[in-house]
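# Report on the structure
Next come the chains, spelled out residue by residue.
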Amino acid sequence: MNWEIAYTNDSNFVNEYTTPDEIRAAGLSVLKAHVPCCFEKELELAGFENDFYYASNILNLKKYAGTNVWYFSEFSAFEFDSIVFEGILGRADVFVNGEICRELPEGFAELRIHDGIVDGDNTVVVHFHPSDKPFSLKGLVKNAYIKRKRKCEIRNAYIRTESLDPEEESAVVRFTAEVDIRRDSVHEFQHLNCKAEIKDEKRVYSSKCDLFGSKIDLTVEVPRAKLWWPKNYGRPYIYDASITVYDGGRQLDEFDVSLGIRTVWLETEITEGGGEISYISVNGKRLCLSGPAWRPADLMSFEDEERLEKVFESVTDLGCNVLYVAAGTDLNSELFYDLCDRNGIAVVREFQAEEIGNNDISRAKIRATAEFLRNHPSVIAACSRSAYVPDVLKNLTPEIPFIPCIGSEGSVFDVCEHVLSMPSSSTVKKFIPRDVVWPAVDPDRGINPDYSIHSSDPFAGKFVNSDDIEAGVLRFFDKKIEKMNPFLRQSQIVQAEYLKGVIENARATKSSGNGIIWQSLSDGWPCFSDSVTDYFNVRKLSYFYVKRSQSPLVLVFTKSDERDFYELHAVNDLQYGDEITFVVKDLTESGKIVASGMAEISPNSKTVLEKVRLDKNGFYLISWTPRTGRSITNHFFVNEGGIDYNSYTEALKKCGFYEFEGFEE
């Protein structure tokens, strides 16, 4: 479809235009649309606005909050064609041939409209209303196209693991769907039947039946089933699965999906103290997971798949095995969930609280998202801050447990606090004008406004005080260094040590049901944030600390009950054991060895190797060698505050961890 955009920010505007002819006659400003794209980005592409991500240009979005925007198109269609909108962002009304078809209070994902479409020439108009938020985006942010309805279509397909018998190594997979026959073809078919099929590299498992109504309900048994597991727990095996409808021997429609055979349960365990702890189990096994909150790869470019894939490379490189998709940060990207499925990355998906209510549109949005998610094995849990969401989901996603959101009482995950850091100097100079790039705070003029605006997520309405970065530096170091590069490094060190400590403590103590969600992976625009990689994919120091902390087999220290003593743990999330030799050196005492030995490490375990007295502000290098003979290292810093920057960085250099990317000396 060829889309155009018309807009006006006239505050006195009262007309409603429902056809392209009315829009053109009104003399409004018109742009060629680049669907998928948001309206605000279109202004930048057309040259009416400069790069929104540079300096304080993002503030220019405020003047478009009160803008009325129309996306419109003319198309030729058949009676049974539909318009498919994969992502509408913002409050909108949809008109087909001048008649209103949908009123969308907050946009929609996966919307299909066939109302009012006729044979021949047709028109469609999507009117986006002004927003009451100063920073907002609107537009057709995913593909929009014409799709012809087949004479016979498979709808609402759901393929899930019905049962799993680990002892017999067999699984039963259930296929359910609806068959929708076009009204002009009701009497055309003679003998409708359907087949459910599961394929691996060597075998095909299937089941067939005749169709006497609109419902498909088949089961297929898979002997010696290969299971889908999150990373560290086994291979995330994927089968090819399909439902096919035939008329005699003629294929009418087929639904394909990548199938991961796995069961997911929310279980409760009685602790030693008599309390209860809830946890998610996959294939009957309790998981200990570690990974970040996921944010959009780009706040204004919703379909940038190349960028999404680049950001996702960090997920696998860091050794993550879970992602928390917060409310409002995902528009049901097939690529994103396919990457999670195939890489064994478990997903916890949060539903927006305001998405639910008693109106049909709100509930339809929840249903559309649930129907999309339920055929992805990576989705192991759903959550929401609304009490209504579980009621909508219970029949749509019976195999996906509903859990409390992170940070809420009863959450199965620990969560770390937001600790901000600065990106590298080369990155800062890409979005802060060079003539004001430093200092961030001028003694006479106060904080640089460009720094202030980039210490935020304006689209989410979240602004943070960049003074918090300086306060964190002063809590850790004995003084703030006024020069740009050392101060940026100081901020990265503070964030890195914090994330490292929280992740390692969660893994060693296993105090939560299922591990830890930390903040966060990557920036969706250039900013000062809690992410471990910046918008330009330059890694902060915390990236390398987290990567070592999330190693499947890692040695870490935690504080013991005895003053000045720390316990050295071997944390093994792998499903096989190992034998290691280990050494701990004090790098502040010329390489003095404070602990060493040999240990047998059991599968999926945490083992206390030694209790060691460590010095305040001591920097220790931990080395261990598994049977493979390849030495692995980590470090531990006893942080008591008032640290000398030069001493700390010298210790980093001694152990080879002076990993600051993107700094211009």
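Just above, that's the structure.
We now turn to the structure provided with this report. (Residues numbered from 1 in each chain as written. Predicted model: local features only at pLDDT ≥ 70, side-chain atom pairs only at ≥ 80, totals over all residues. Heavy atoms only, no water.)

## Overview of empty space enclosed by the protein
Stated precisely, the cut-off is as follows: Points on a 1 Å grid, built from protein atoms alone, make a cavity when a 1.4 Å probe fits but cannot get out and make a pocket when they are open with protein on both sides within 12 Å along at least 5 of 7 lines; residues with an atom within 4 Å of a point are the lining residues. Grid points are joined across faces, edges and corners, and a volume is the space filled by probe spheres set on the points. Numbered from the N terminus, helices here are DSSP runs of H or I no shorter than four residues, and strands are runs of E no shorter than two. For this scheme, ten residues count as nonpolar: Ala, Val, Leu, Ile, Met, Phe, Trp, Tyr, Cys and Pro. Four count as charged, namely Asp, Glu, Lys and Arg, and the remainder, Gly too, count as polar.
A complete count under the given rule lists four cavities of 30 Å³ or more for this structure. What lines the largest cavity is a set of 13 residues, among which Ile159, Leu259, Gly260, Pro377 and Glu399 lie closest to the centre. Every element with two or more residues in the lining of the largest cavity is listed here: strand S12 (152-165) and strand S18 (250-259). Counted by class, the lining of the largest cavity contains four nonpolar, five polar and four charged residues.

## Thoughts on helix H11 (residues 541-549)
The criterion, for reference: Per-residue accessibility, obtained with a 1.4 Å probe over protein chains only, is compared with the maximum for each type, and a residue is labelled buried under 20%, exposed over 50%, and partly exposed between these values. Throughout, a contact is declared for two residues whenever any of their heavy atoms are within 4.5 Å.
Burial of H11 is extensive: eight of the nine residues sit out of reach of the surface. Every buried residue of H11 is accounted for by Leu541, Ser542, Tyr543, Phe544, Tyr545, Val546, Arg548 and Ser549. Buried-residue contacts for H11 involve helix H3 (305-317), helix H10 (484-509), strand S31 (515-518), strand S32 (553-559), strand S38 (632-637) and helix H12 (645-654).

## Things to note about helix H4 (residues 334-343)
Where H4 is concerned, the buried positions are Leu335, Phe336, Tyr337, Leu339, Cys340 and Asp341. Packing partners of the buried residues in H4 comprise strand S22 (289-294), H3, strand S23 (322-325), strand S24 (346-351), helix H5 (360-373) and strand S25 (379-384). Backbone geometry just after H4 places Gly344 at a positive phi near 70°.

## Some remarks on the packing of aromatic side chains
For clarity, the cut-off: Paired rings are identified among Phe, Tyr and Trp, the last through its six-membered ring, by centres lying within 6.5 Å, and are further divided according to the angle between planes into stacked (under 30 degrees), edge-to-face (over 60) and tilted (the rest). Criterion for a charge above a ring: Arg CZ or Lys NZ at most 6 Å from the ring centre, at most 35 degrees from the ring normal.
Enumeration according to the criterion identifies 30 aromatic pairs in this entry. A centroid spacing of 5.6 Å and a plane angle of 75° characterise the contact between Tyr337 and Phe372, whose relative ring orientation is edge-to-face. With a gap of 35 residues between them, Tyr337 in helix H4 and Phe372 in helix H5 connect regions that are remote in the sequence. With a centroid separation of 5.8 Å and an interplanar angle of 45°, the aromatic rings of Trp438 and Phe487 are classed as tilted. Taken together, the positions of Trp438 in the loop between helix H7 (425-431) and strand S27 (441-442) and Phe487 in helix H10 put the pair 49 residues apart, joining distant regions of the chain. Among the residues examined, Trp438 registers a relative accessible area of 24% and is labelled partly exposed. Look at Phe487 and you get buried, because its relative accessible area is 5%. Connected via pairs of aromatic rings, a cluster forms that spans Phe476, Phe477, Phe619, Phe637, Tyr645 and Tyr648. For the cation-ring pair, Arg489 lies above Phe660, with the distance from its terminal atom to the ring centre recorded as 5.5 Å.

Interpretation note: all reported values are geometric properties and have no functional meaning in isolation.
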